[in-house]
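Chains, contacts and geometry: an overview
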Amino acid sequence: MEKASNLLVKLSRRLFHNLDEQEIFVETLIHPKPFHPCILWCQEKPKNSPFSVETPTVWQPQFIDRLSLGERPGQHPLHEQGYFYCLDFSSVFAASILLTIPSPVKLVFDMCAAPGGKSIFAWKSLQPELLISNEVIGKRLGMLISNLKRCQINSSVVVSKDSSLFAERIPFSSHLVIVDAPCTGQSLLAKGEKAPGCFHPTAINKSANRQKRILANSAQIVAPQGYLAYMTCTYSPEENEEVCEWFLKRFPQFQAVEINHLQGYQSHLTSVPSYRMFPQDRLGAGAFTVLFKNTEEGEIKEIYVETLSAVWMNIAIRSRTS
């Protein structure tokens, strides 16, 4: 992008009151610079890292390394062997809310899982007895299954069904549901990629409505005292803070959890405990994240791998990597 569109400029004014902050945000998107590559160690780190590693942030988990510019971890033999997974550091920021969830965790359900980064982060940080990774878009299933197998994510199942089916068939079953929601993907621009129409009001509203539908269905499968993690890789308040405020009104049994290690990133656009990373922070392309807890008491519905085919009848693509 050589010149800022009027829609981008309008968004910058909504996000920031300060003119300098508006200009820096816009400049970051129209003239993107590379971010440090990042890896998630699925297996134990070698004593001597094969990469040049940056100083970690205070909230960065030990199984994450942010690498020096110029490193190409995806080309290293250890990548093909499944030792680590490559991801954007913004994804680490968003998923770091999972670090506050008490262990042990029995069932984690990743509703919009491809390509697999959040599923792998949850598996590594929480070590659930069962991980179910769902991806409704068929053409994205291959990469999800491939990544989970390559990284040797044990006790995992891949399914491909609409969120409404899970709300109907397995309510109150999941200790954690992750919704890395489909969005306009505005942060792609900060990485030098394309996201046509990402600032257009029609695209934003369509995306926000889709997110609300997925969140509403996902809330149905959260177990009593369980958690619902909602995150995006876009900047528009309609797809972030406004969705959170809508959700809390629609589902008053949920409360947003304060994440102590992200207090410095609290969104200034809402009073709801929710957190933003912007591309001008130079850590990653940008992310929004919030963790909701289901405060209701009640019985948890048990789900087992052996009964999944009975639950969904003609289910689903299934991938058992254990």
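Residues numbered from 1 in each chain as written. Predicted model: local features only at pLDDT ≥ 70, side-chain atom pairs only at ≥ 80, totals over all residues. Heavy atoms only, no water.

The next thing to look at is the overall build of the protein. Within the protein, the regular secondary structure consists of ten helices and eleven strands. In terms of C-alpha radius of gyration, the protein reaches 19 Å, essentially the compact-globule figure of 20 Å for 322 residues. The principal-axis extents of the C-alpha atoms in the protein amount to approximately 55 × 50 × 35 Å. The burial tally for the protein puts 54% of its 322 residues in the buried class. For the protein, the proportion of contacts with a sequence separation of at least 24, taken over those separated by at least 6, is 76%. Here the protein carries 32 positive and 30 negative side-chain charges, and the mean point of each set is 5 Å from the other. (Helix = DSSP H or I, 4+ residues; strand = E, 2+ residues; numbered from the N terminus. Rg over C-alpha atoms; globule rule 2.2 N^0.38 Å. Buried < 20%, exposed > 50% of the residue type's maximum accessible area, 1.4 Å probe, protein only. Contact = heavy atoms within 4.5 Å. Lys, Arg positive; Asp, Glu negative; His and termini not counted. Charge placed at Lys NZ, Arg CZ, Asp CG, Glu CD.)

Angle between the axes and distance between the axes: these two values describe a pair of packed helices. Between helix α1 (residues 6–15) and helix α2 (residues 19–30), the least distance of the axes is 9 Å, while the angle of their chain directions is 140°. It follows that α1 is oblique to α2 by the angle criterion. Remark: the crossing between α1 and α2 carries right-handed chirality. Contacts between α1 and α2 pair Leu8, Ser12, Arg13 and Leu15 from the former with Gln22, Phe25, Val26, Leu29 and Ile30 from the latter. Looking at the contact of α1 with α2, its residues break down into six nonpolar, two polar and one charged. (Axes fitted to C-alpha atoms, helices over the stretch in contact; angles between N-to-C directions. Parallel < 35°, antiparallel > 145°, perpendicular 65-115°, else oblique. Left-handed = near helix turned anticlockwise from the far one by under 90°. Nonpolar A, V, L, I, M, F, W, Y, C, P; charged D, E, K, R; others polar.)

For the rest of this paragraph, the subject is helix α6 (residues 141–150). Residues that lie three or four places apart on an α-helix share one face, since the helix turns once every 3.6 residues. Looking only at α6, the buried set comprises Leu141, Leu144, Ile145, Asn147, Leu148 and Arg150. Turning to α6, the residues buried within the fold contact α3 (77–80), β3 (84–87), α5 (117–126), β5 (130–134) and β6 (156–159). Count one or two residues on from α6 and you reach Gln152, which has phi positive near 55°.

Take the sheet that holds strand β1 (residues 38–41) next. Taking strand neighbours across the sheet as the criterion, the three strands line up as β2-β1-β3 in an open arrangement whose pairing is antiparallel. Looking at strand neighbours, the two that pair on one side only are β2 (64–66) and β3, the edges of this open sheet. Across the sheet, the mean angle separating the axes of adjacent strands is 25° when strand polarity is ignored. Of the strands in this sheet, β1, β2 and β3 are in contact with α5, which crosses β1 at around 45°. (Pairing = 2+ DSSP bridges.)

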